[in-house]
Amino acid sequence: MWKRRTRGGSSRQGPGPESSRFFCFFKRFKEIARDWVYCYRKWRHCGATHQRRQVVRTALTDESLLRGLAQGDSLRLTAVGSWTAQYAADLERLVDRAVAQGAAVARVDLDMAGVDNIDTYGAWLLERLVRGFAEADRRITVVGLQEHFRGLINEVHQSNHKLPDIPAPGVLVSAAAQVSHAVNLIRRDLLLYVEMFGALVLATLRILIRPRRFRLTSMVHHLERVGWRAVSIIVLITFLIGAIIAQQGIFRFRRFGAELYVVDMLGVLVMREIGVLIVAIMIAGRSGSSYTAELGSMKMREEVDALQTMGLDPIEVLILPRVVALVIALPMLAFLGSMAALYGGGLVCWFYGGINPDSFMEELRDLSFNHFIVGMSKAPFMALVIGIVASVEGLQVKGSSESLGMQTTVSVVKAIFLVIVVDGVFVTFFASIGM
Amino acid sequence: MTVPVVVEQIEKDFGAYPALRGVSLKVETGELVALLGPSGSGKTTLLRVVAGLEQPERGRVLFGDIDVSTLSLRERRIGFVFQHYALFRHMSVLDNVAFGLRVRPRHTRPPADEINRRARELLDLVQLAGFEKRYPSQLSGGQRQRVALARALAIEPQVLLLDEPFGALDAKVRKELRQWLRELHTRLGHTTLFVTHDQDEAFELAHRVAILNEGRIEQIGTPREILQRPATEFVAKFVDGIVWRGGEAVRPVMGDSLTPAPLADLSMSA
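Being a predicted model, the structure only gives us computed values, none of them experimental. (Residues numbered from 1 in each chain as written. Chains lettered and ligands numbered in written order. Predicted model: local features only at pLDDT ≥ 70, side-chain atom pairs only at ≥ 80, totals over all residues. Heavy atoms only, no water.)

This brings us to the nonpolar core. Within the largest apolar cluster, 104 residues are counted, with the highest numbers of intra-cluster contacts made by I283 of chain A together with L35, F63, L161 and L193 of chain B. At 16 residues, the largest contribution of residues to this core is made by helix α12 (residues 314-351) of chain A. Residues in contact with I283 of chain A, not counting those within four places in the same chain, are V226, A230, I234, G288, L326, L330, L333 and I386 of chain A. The next biggest cluster of nonpolar side chains, apart from the first, holds 47 residues, and it includes V81, V93, L125 and L139 of chain B. (Core = buried A, V, L, I, M, F, W, Y, C linked by side-chain atoms within 4.5 Å. Buried < 20%, exposed > 50% of the residue type's maximum accessible area, 1.4 Å probe, protein only. Helix = DSSP H or I, 4+ residues; strand = E, 2+ residues; numbered from the N terminus. Contact = heavy atoms within 4.5 Å.)

So this is what it looks like as structure tokens:
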């Protein structure tokens, strides 16, 4: 194999432009020399192994490694020589035979004084011997083991034990355990959110007493980031959603010749629910995650601790400006989003449904203004929920970047979920007060 | 104005796991004490408790004779240097140093040019004059850590706490900074607690070294005391260069002969 490879290689190469005849010859010579060396090594190796095997067979018979002598109900084993890898195969056979012999007696004595060399193989075989007797309930005493083998023997003695069988909990029990674990986590989260809300209220009160402490620059900065820069994407997506709702409405309502009612449906749906909900979900994904990541990385780099040692309250300095920015930005974005959705729906009504803009507006004006108020009043609360969840999760970040990534994901999922829950709460609330 | 720090029987748990189990320690005024130990021994937790970043379950910390639990973090006036610098990334070097003073309430805050003057002085002190306008990302690790130290010193701390300050730096820079920090400490003389897992650092820098293991102080003493008379087997095994042989410490101390130190007063844990 090796020979073929080198030869094939050289024939493929061919004489290059710079290779002289001498060089070719030299190369060929080198190859031949290499082949010879290879053959010689192989031959010598075979010989050496052969010789060693002979030594094993002649000089060391079974008896010389482990000898057994049965006396009444006790078995006396005497071990000598090298208990090493070289003789492991023979030794293994001997050990197994000794264990089999030991089945007939009650007590086994093992004298290791004659062993002058032992390695992991030997130590493990000794351990196997001991364990073999122990499993068969025979008493075994080992004497004469040289002191400096003690460490190795103890090490082997510790290893490879079967683990005690732990009965697997039943399906019901493990399901119950999982549920209780999940409930505990939810409870912990809720407590943290309430705590954060409380801390934010306290910080706001402190700011109201001393308004100069409010970090306006930071707030404006975040307002720009979560508000102004989100406008384009929010408008685009809500525009498309409005258009889709209108198209579906017209398509279904046409059968009943009730296309004009699509305008009512669109208006109610967008202003009450879809506008604010879609915007809140998008902001949770866009800004909530960035809050978590920012706060998390500050926590990770101990910047939050640094602020604290300088006597600053991270809630007041870092979190309050962010949450305030969100609470201001989300209603604005929700308003823009609702308008964009109505605009998109209006265009579809005009071109696809044949409802001209005048009658569209006419129909829209007939709707109660309450719908708009209901939708808009939800926005700041959703912003608060997103802000609290994002901050809490950000501060939960531990020292590693895995935990940063995980908390960011968790933050988005929880924020979106809670936004929808809050929406549900508002729906029941407004239904019960009849708005 | 620097004060002695007394730590009395501090216990701190993280969930079911005890991080500190009754740690007591006294750091004299102007003394530099190193907390040395393997990871998980509680040395950083102890530092954070002294700083007030963690609340202990039991025990108390005194600055001078004031129990710090009665003080707010601002009133404690702590200079804390973190392992990963924890500089504010969006602020220039000068702003970082001046930050601690600028955020003080108005009646205790020095005027703006006084703050700037002091920040510049501190940058001078940490040999970073001329770097005022740079941002942390434009500095090397050693420079960042010096900015962090300047920031910690800016608030005129009563106590200086360093959490593995050179842990993130390479060996050469670490050695230089070690030297430099010692000179700085001789000049300024703050009471300093200093966490490290680098034994050379601890023995070279500190007046006294406290060796922690599993939330307890195994031994506290001068470097020489610890090297010559390790109090427990753990100390002997943990500190390089001590040979522990059958309950006796054998150690060549800085050219001393190899005679085993008698350890009659030794209380050994088996």
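Moving on, we get to the domain arrangement of chain A. Domain boundaries in chain A define domain 1 (12-41), domain 2 (65-157) and domain 3 (183-432). Between the C-alpha centres of domain 2 of chain A and domain 3 of chain A there is a distance of 75 Å. (Domains from an automatic or database assignment.)

Below, the discussion takes up unusual backbone geometry. Residue and element names in this part refer to chain B. Of note, Q9 is a non-glycine position whose phi angle comes to about 45°, a positive value. The residue Q9 is located in strand β1 (residues 5-14) in this model. What makes Q9 partly exposed here is its relative accessible area of 46%. For R77, which is not glycine, the phi dihedral falls at a positive 45°. For R77, the position within the fold is in the loop between α2 (73-76) and β6 (78-81).

As a further point, take the environment of A103 of chain A. Residues and elements named next belong to chain A. Mapping A103 onto the fold places it in the loop between α4 (88-102) and β3 (107-118). Taking relative accessible area as the criterion, A103 reaches 44% and is therefore assigned partly exposed. Distance from A103 to D423, taken between C-alpha atoms, is 77 Å for residues 320 residues apart in sequence.

Residues and elements named next belong to chain A. Ordered in space as β1-β2-β3-β4, the four strands form an open sheet in which the pairing is mixed. Lying at the two open borders of the sheet, with one neighbouring strand each, are β1 (66-71) and β4 (139-143). Here the strands of the sheet are splayed against their neighbours by 15° on average, with no regard to which way each runs. This element, helix α5 (residues 120-135), spans β2 (74-83), β3 and β4 of the sheet and lies at about 180° to β3. (Pairing = 2+ DSSP bridges. Axes fitted to C-alpha atoms, helices over the stretch in contact; angles between N-to-C directions.)

With that out of the way, let us pick up the packing of aromatic side chains. All names here are of chain A. Under the definition given, this model contains ten aromatic pairs over all chains. Centroid distance F335 to F372: 5.9 Å. Interplanar angle 80°. Geometry classified as edge-to-face. Here the residue F335 occupies a position in helix α12, and F372 occupies one in helix α14 (residues 370-395), the gap between them amounting to 37 residues. Note on F335: relative accessible area 36%, which makes it partly exposed. Judged by relative accessible area, F372 falls into the buried class, the value being 18%. Chaining the aromatic ring pairs together yields one cluster made of F381, F426, F429 and F430. (Phe/Tyr/Trp six-rings, centres within 6.5 Å; stacked < 30°, edge-to-face > 60°.)

Here we come to the pairing of β4 of chain A. On a regular strand, one side chain projects to one face of the sheet and the next to the other, so that they alternate. All names here are of chain A. Here β3 runs beside β4; their pairing, made up of five bridges, is parallel. From the neighbouring strand, D109 faces β4, where its bridge partner is T141. Taking the sense of rotation as the criterion, the β-α-β connection linking β3, α5 and β4 turns out right-handed. (Right-handed = clockwise from strand over helix to strand, strands pointing away.)

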